Amino acid sequence: MDIKKFNFGINNYLEDRPKLKKFLPQGLTLLAIIFILGYFTYNAQVNMGNRGIVFGFGFLSQESSFDIQFSLIDYDGSYSYGRAYLVGLLNTILVSVIGIVFATLLGVVVGVSRLSSNFLVSKFAETYVEIFRNIPLLLQIFFWYFAALRALPLPQDAINLFDVTYLTVKGWFVPRFLWTNFSILIGSLILAIVAIISISIFAKKRQETTGERIPAFLISLGIIIILPLLTFLFGGVKLDFEYPELIQQSPTIFNFSGGVGIIPELIALALALSLYTATFIAECVRAGIMGVGKGQKEAAASIGLTPGQTLRLVVMPQALRIIIPPTTNQYLNLTKNSSLAAAIAYPDLVLVFAGTAMMQTGRAIEIVSITMLTYLTLSILISIFMNWYNKKIAIKEK
Amino acid sequence: MINMIKSLKSLVLIICASLLLVACGQQGGGAGSKKSKTLANTKKAGFVKCGVSQGLPGFSNADASGNWTGIDVDVCRAVAAATLGDADKVKYFPLSAKERFTALTSGEIDVLSRNTTWTLSRDADIGLTFVGVNFYDGQGFMVRKDSGITSTSQFKSGISACTNIGTTTELNMRDFFNSKGISYEPVAFEKADEVVAAYDAGRCDTYTTDKSGLAAQRTKMKDPNAHRVLPETISKEPLGPVVRQGDAVWEDIVRWSLNTMIEAEEYGITSSNADSMKDSENPAVKRLVGAEGELGAAFGLDNEWSLRIIKQVGNYGESYKKHIADTGILPKRGPNQLWTKGGILYVPPAR
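Residues numbered from 1 in each chain as written. Chains lettered and ligands numbered in written order. Predicted model: local features only at pLDDT ≥ 70, side-chain atom pairs only at ≥ 80, totals over all residues.

1. Let's talk about the overall build of chain A
No. 1: When you go through chain A residue by residue, the secondary structure sums to 12 helices and eight strands.
No. 2: Taken against the 2.2 N^0.38 rule, which gives 21 Å for 398 residues, the C-alpha radius of gyration of chain A at 29 Å runs more than 25% over that of a compact globule.
No. 3: With respect to the principal axes defined by its C-alpha atoms, chain A has extents near 95 × 70 × 45 Å.
No. 4: Across chain A, every contact between residues at least 6 apart in sequence was considered, and the portion connecting residues at least 24 apart equals 65%. (Helix = DSSP H or I, 4+ residues; strand = E, 2+ residues; numbered from the N terminus. Rg over C-alpha atoms; globule rule 2.2 N^0.38 Å. Contact = placed C-beta atoms within 7 Å.)

Spelled out as structure tokens, the structure:
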């Protein structure tokens, strides 16, 4: 058959049917994707069947029978694999949240510092950014864990801060807070926050209508300090501390007991993640501030705003719109990078679930898919939140 | 329009390619046939795909130039000698405890010889088959000598213990500490080197794993003499090679490669006297060196397969002496002595 003729045949046929022409390639692509996915599923099933492996999630309710070093919820080996998953997930979230908070604080400070007119400050910020963003993260994690934290002393020679917290190679031991009537304190805090919000709304309205400015910030600060303090004096709220104590286990083995022990694995990981990600956030912040036109600042100055007001009222609201989208990426990266925890024994989702649990049960396909879905969900949640925030601060056309 | 046709053409190509893939995939299945697919693939590739540890002296350890040695390595070398005629035709895949079973079930390797404990759930549940035991081990604890601890009965609540993840060690440790009513802090790393580094730096008070592993890892520490392996053994750890479920012939080849090494020691056949043993009076010896019987035929191998194992790799005793005793890891053979000499090494007869 004459191929050219055949091709023209198809062409003419499709040319007469624009709808079909539009959807045919997409439909075929979709079919191909479904086919490939189906093939993989089928292949996995056949191979698993041949090797006598049964697919299923029943193992999640079986007893895990391994212990985890550090957990935010009650856990020991008598709980199920499902519970172990939850422990790992919470540990991943914990280190991600800590990392995101510190990376953001540090990133903003460094980003602003790079634009400082002070030579020393800006050069220092630049050097920090260039060093930390150009060394692979895994190496940095190893550095903080194996080199830096390892230099800390054993418990008996702990670095003692005011006799209440102790820094050792086995972790950072801090006092435990023992509250009495904690709910009253929380109630007072909620009350204070509600009061602060209403005051700021009131202050804004007042300024818009009369131009009079109310020192809302100072009033808010007062409320949030004084209200909880009152509960201590009259509400029966009490705070006691349980201090860590050094106990001797053998002639040379000492450990702290009591208080709260923050494991060195968490410290090293949070430190490495924050210091690494902060460099990228710093660059986002710098880009955002530089992206605001010079004329904006000059205009703000010409109507008599102070430099602080200029930054707060004119530059930052515009800069944030440039800063937020790339910073969202950094938050996602940080969360995913936290899976490097496995290298230094921090019991995150990958170490506990895709590590120990996978090995003890042998359910590789189930566990890896659950783990991937979990990271996907975490990332999507962060994206949704950041997109919401981005929309909130976007220019509102009036 | 031409673009349109091009994209259509590539789509057709993609579909054809995926059809081909399906055809290939279905070939890959097929269990239970009489011939060994793994053996055929091994012969075609020209080497045995062997999963080993990431470095455990005495068992499987690579030297500076990348040569692997150890008693686990010798199992793979024996399989290569039996199937390919040359013990050196082995490709080694260093695997972490976490990766090892997936590597085997997915076909990345064909023999897993990586100080792996034989347990019921591993054998029955996850598509693996253990073929034998090449080292009888048990879990123990190591402490620093200056801690003054000489027995696990001196452990007190709050002790921190370093170990590997994904091992039976993690489970035994919990059973042990729970039965003694001691609370402990488990610090579990992915790689053995990191466990050693952390323990050596004082992060943990004790390091727990198989006793052979403790003895081997001690040689890597800053000051090996500053550490003590406690006398108690808290578990049974029979270590041995593993194969995939579903290829019974390959399973037999690996099992009897290991058994041949042990049986050869029992009959006093060594790498140096193997050839002369062909004239032995003892039919059992003659069978092992291929001078009598047709033992190889059952696996689809020639009759000198066992002779090659003994000549090229040596018997179990030679392998143990070379890799474990002479390196100072465990000079005494303990349970890993032949049953005739007071140990528990006992293999079914090769006949």
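2. As for the overall build of chain B
No. 1: Secondary structure assignment for chain B yields 12 helices and 14 strands.
No. 2: In terms of overall dimensions, chain B has C-alpha extents of about 75 × 75 × 40 Å along its principal axes.
No. 3: Expressed as a percentage of the 351 residues in chain B, the buried residues total 49%. (Buried ≥ 20, exposed ≤ 12 C-beta atoms within 10 Å, placed from the backbone.)

3. Notes on the nonpolar core
No. 1: Counting 157 residues, the largest nonpolar core has A268 and L269 of chain A together with V79 of chain B as its most contacted members.
No. 2: With 17 residues, helix α8 (residues 264-290) of chain A is the single largest residue contributor to this core. (Core = buried A, V, L, I, M, F, W, Y, C linked by C-beta atoms within 7 Å.)

4. Here we look at the interface of chain A and chain B
No. 1: Contact with chain A, which involves 44 residues of that partner, is made by 50 residues of chain B.
No. 2: Mapped by element, the contributors of at least two residues to the side of chain A that touches chain B are α1 (3-15), α2 (18-50), β7 (254-257) and α11 (349-361) of chain A.
No. 3: The element contributing the most residues to the side of chain A that touches chain B is α2 of chain A, with 11 residues.
No. 4: When its residues are assigned to classes, the side of chain A that touches chain B shows 22 nonpolar, 18 polar and four charged. (Nonpolar A, V, L, I, M, F, W, Y, C, P; charged D, E, K, R; others polar.)

5. Remarks on the sheet that holds strand β3 (residues 171-174) of chain A
All names here are of chain A.
No. 1: The four strands are arranged β1-β2-β3-β8 in an open sheet whose pairing can be described as antiparallel. Either end of the sheet is taken by a strand with one partner, and the two such strands are β1 (159-161) and β8 (260-262). Between one strand and the next, the sheet's axes are offset by a mean angle of 20 degrees, whatever the strand orientation.
No. 2: Bridge analysis of β3 against β8 gives three bridges, and the strand direction is antiparallel. Bridging across to β8, V174 finds its partner in V260. (Pairing = 2+ DSSP bridges. Axes fitted to C-alpha atoms, helices over the stretch in contact; angles between N-to-C directions.)

6. Some points on the pairing of β7 of chain A
Residue and element names in this part refer to chain A.
No. 1: As paired elements, strand β6 (residues 245-248) and β7 share four bridges and run antiparallel to each other. Each residue of the ladder has a partner; that of E245, found in β7, is S257.
No. 2: Once β6 ends, the chain turns through five residues before running back antiparallel as β7.

7. Let's talk about the confidence of the model for chain A
No. 1: Averaged over all residues, the pLDDT of chain A equals 87, while 97% of them reach at least 70.
No. 2: Per-element confidence in chain A ranges from a low mean pLDDT of 71 for α1 of chain A to a high of 95 for helix α4 (residues 119-133) of chain A. (pLDDT = per-residue confidence, 0-100.)

8. A short note on helix α6 (residues 168-180) of chain B
No. 1: Taking 1.5 Å per residue as the helical rise, α6 of chain B with its 13 residues ought to reach 18 Å, and the 19 Å between its terminal C-alpha atoms agrees with that figure.
No. 2: Taken residue by residue, α6 of chain B has T168, T169, E170, N172, M173, F176 and F177 of chain B as its buried positions.
No. 3: On its buried face, α6 of chain B sits against α11 of chain A together with β8 (139-144), β9 (159-164), β10 (184-189), β11 (206-210) and β13 (237-239) of chain B.
No. 4: Backbone geometry just downstream of α6 of chain B places G181 of chain B in the positive-phi region, at approximately 70 degrees. (Expected span 1.5 Å × (residues − 1).)

9. Things to note about the sheet that holds β10 of chain B
All names here are of chain B.
No. 1: Taken in spatial order, the five strands of this open sheet run β10-β9-β11-β8-β12, and their pairing is mixed. Pairing within the sheet leaves two strands with one partner each, and these edge strands are β10 and β12 (227-229). Going from strand to strand, the sheet's axes swing by 25 degrees on average, the running direction of each strand aside.
No. 2: As judged from the two bridges shared by β9 and β11, these two strands associate in the parallel manner. Across the sheet, residue A161 finds its bridge partner in β11, namely T206.

10. So, the domain arrangement of chain B
Residue and element names in this part refer to chain B.
No. 1: Partitioning chain B into structural domains gives domain 1 (37-136 + 239-328) and domain 2 (139-235).
No. 2: Computed over C-alpha atoms only, the centres of domain 1 and domain 2 are separated by 30 Å.
No. 3: The interface is formed by 12 residues belonging to domain 1 together with 13 residues belonging to domain 2.
No. 4: Of the residues contributing to the side of domain 1 that touches domain 2, the split by class is five nonpolar, six polar and one charged. (Domains from an automatic or database assignment.)

11. Details of the packing of helix α3 (residues 81-114) of chain A against α8 of chain A
A packed helix pair is summarised by two numbers, namely the angle formed by the two axes and the spacing between the axes.
Residues and elements named next belong to chain A.
No. 1: One way to put it is that α3 packs onto α8 with a least axis distance of 6 Å and a crossing angle of 40 degrees. When the axis of α3 is compared with that of α8, the two are oblique. Like other packed secondary-structure pairs, α3 and α8 cross with a definite hand, here right-handed. (Parallel < 35°, antiparallel > 145°, perpendicular 65-115°, else oblique. Left-handed = near helix turned anticlockwise from the far one by under 90°.)

12. Some details on the environment of V111 of chain B
All names here are of chain B.
No. 1: On the secondary structure map, V111 appears in strand β5 (residues 111-112).
No. 2: Assessed through the 30 C-beta atoms surrounding it within 10 Å, V111 is described here as buried.
No. 3: Not counting chain neighbours up to four residues away, the residues in contact with V111 comprise V48, C50, G51, C76, V79, P241, V243 and V254.

13. Considering the domain arrangement of chain A
No. 1: Partitioning chain A into domains gives domain 1 (3-50), domain 2 (81-175 + 264-393) and domain 3 (177-242).
No. 2: Each of domain 2 of chain A and domain 3 of chain A was reduced to a C-alpha centroid, and the two centroids are 29 Å apart.

14. Some points on the confidence of the model for chain B
All names here are of chain B.
No. 1: The predicted model of chain B has a mean per-residue pLDDT of 87, with 90% of residues at 70 or higher.
No. 2: Counting contacts from residues 16-33, a segment whose pLDDT is below 50, to residues more than four positions away or on other chains yields 14 contacts.
No. 3: The ipTM value of the predicted complex is 0.74, and its pTM value is 0.78.

15. Quick look at the environment of N134 of chain B
Residue and element names in this part refer to chain B.
No. 1: By the secondary structure assignment, N134 is in the loop between β6 (128-130) and β7 (135-137).
No. 2: What makes N134 buried here is the crowd of 24 C-beta atoms within 10 Å.
No. 3: The spacing of N134 and P241 is 107 residues in sequence and 7.5 Å in space, taken between C-alpha atoms.
No. 4: Contact partners of N134, with chain neighbours within four places excluded, come to I71, V75, L239, G240, P241 and L258.

16. What to know about the environment of E126 of chain A
Residue and element names in this part refer to chain A.
No. 1: When you line up the elements, E126 lands in helix α4.
No. 2: The class of E126 is partly exposed, set by 15 C-beta atoms lying within 10 Å.
No. 3: Sequence separation between E126 and R114 is 12 residues; the distance between their C-alpha atoms is 6.1 Å.

17. Details of the pairing of strand β5 (residues 238-242) of chain A
All names here are of chain A.
No. 1: Of all five residues in β5, zero are buried; the element is thus mostly exposed.
No. 2: In this structure, strand β4 (residues 176-180) lies alongside β5, joined through five bridges in antiparallel fashion. Bridge assignment links R176 to a residue of β5, and that residue is E242.

18. A few points about the packing of helix α9 (residues 248-266) of chain B against helix α11 (residues 305-312) of chain B
Residue and element names in this part refer to chain B.
No. 1: Close contact between α9 and α11 brings their axes to 10 Å; oriented N to C, the two are set at 65 degrees. Relative to α11, the crossing made by α9 is right-handed. Along the contact surface, α9 presents S257, T260, M261 and A264, while α11 presents S306, I309 and I310.
No. 2: Classifying every residue of the contact of α9 with α11 by side-chain character gives four nonpolar, three polar and no charged.

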